[in-house]
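Chain residues, written in single-letter form:
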Amino acid sequence: MDFAIENGPESCSNLGLECSACIQRCASNTAAVCGDIAPAAVHRIFFQLYSSPGCHPMAHAFVRAYQDAAVPSKPIAAAACASAAAAA
């Protein structure tokens, strides 16, 4: 299957993939790589990753999942930055 051409809910469900699990996993991975993206930018990223109109209803779920995944890492990052600044 060529996901560049056929990425959509019907194609994914034929492979046994569920929209909410896919969105959650992708949003979490995106937050792990880039944990401080503005919500509007996260929304745009979703539409770049999921261009099928059938996927579009999941955009807000992607943004919420991203925000949920990004929140726990912020205090750790702030502590790491504070420790680095104190050591310098």
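Details of the structure are given in the entry above.
Residues numbered from 1 in each chain as written. Predicted model: local features only at pLDDT ≥ 70, side-chain atom pairs only at ≥ 80, totals over all residues. Heavy atoms only, no water.

**Student:** So what about the overall build of the protein? Which residues, and what values?
**Tutor:** Scanning the protein from terminus to terminus reveals six helices and zero strands. Helices (α) and strands (β) of the protein occur, in sequence order from the N terminus, as α-α-α-α-α-α. Counting across all 88 residues of the protein, residues that qualify as buried make up 25%. Accessible surface computed for the protein: about 5700 Å², of which carbon and sulfur atoms make up 63%. (Helix = DSSP H or I, 4+ residues; strand = E, 2+ residues; numbered from the N terminus. Buried < 20%, exposed > 50% of the residue type's maximum accessible area, 1.4 Å probe, protein only. Areas by Shrake-Rupley, 256 points an atom, 1.4 Å probe, with all protein chains shown as cover.)

**Student:** Describe the packing of helix α3 (residues 19-33) against helix α5 (residues 59-70), and please don't skip the residues or the numbers.
**Tutor:** To describe two helices that pack against each other, one gives the angle between their axes and the distance between the axes. Two numbers describe how α3 lies on α5: the axes approach to 8 Å, and their chain directions differ by 45°. The orientation of α3 with respect to α5, classified from their angle, is oblique. The handedness of the crossing between α3 and α5 comes out as right-handed. On α5, the residues that touch Ile 23, Gln 24, Cys 26, Ala 27, Ser 28, Thr 30 and Ala 31 of α3 are Ala 61, Phe 62, Ala 65, Tyr 66, Ala 69 and Ala 70. When grouped by side-chain class, the residues that make up the contact of α3 with α5 number 10 nonpolar, three polar and no charged. (Axes fitted to C-alpha atoms, helices over the stretch in contact; angles between N-to-C directions. Parallel < 35°, antiparallel > 145°, perpendicular 65-115°, else oblique. Left-handed = near helix turned anticlockwise from the far one by under 90°. Contact = heavy atoms within 4.5 Å. Nonpolar A, V, L, I, M, F, W, Y, C, P; charged D, E, K, R; others polar.)

**Student:** Lay out the side chain of Thr 30 in plain terms, naming residues and giving numbers.
**Tutor:** The topology assignment puts Thr 30 in helix α3. Excluding its chain neighbours within four sequence positions, the residues that come into contact with Thr 30 are Ile 37, Phe 62 and Tyr 66.

**Student:** Let's hear about the packing of aromatic side chains: which residues, and what values?
**Tutor:** Within the structure shown, the criterion is met by four aromatic pairs. Geometrically, the ring pair formed by Tyr 50 and Phe 62 is edge-to-face, given 6.4 Å between the ring centres and 65° between the ring planes. Of this pair, Tyr 50 sits in the loop between α4 (39-49) and α5 while Phe 62 is found in helix α5, placing the two residues 12 residues apart along the sequence. Judged on exposure class, the residue Tyr 50 and its partner Phe 62 are both buried. (Phe/Tyr/Trp six-rings, centres within 6.5 Å; stacked < 30°, edge-to-face > 60°.)

**Student:** Now, about the packing of α4 against α5: what can you tell me, with residues and values included?
**Tutor:** Where α4 contacts α5, the two axes come as close as 9 Å, and the packing angle between them is 125°. Accordingly, the angle class assigned to the pair α4 and α5 is oblique. In this structure, the crossing between α4 and α5 has a hand that is right-handed. The residues of α5 that touch α4, namely those facing Pro 39, Val 42, His 43, Ile 45, Phe 46, Phe 47 and Leu 49, are Ala 59, His 60, Phe 62, Val 63, Tyr 66 and Gln 67. Tallied by class, the residues present in the contact of α4 with α5 amount to 10 nonpolar, three polar and no charged.

**Student:** Let's hear about the environment of Phe 47: which residues, and what values?
**Tutor:** Mapped onto the elements, Phe 47 comes out in helix α4. Its relative accessible area of 31% is what places Phe 47 among the partly exposed residues. Linking Phe 47 and Ala 59, residues 12 residues apart in sequence, is a C-alpha distance of 7.4 Å.

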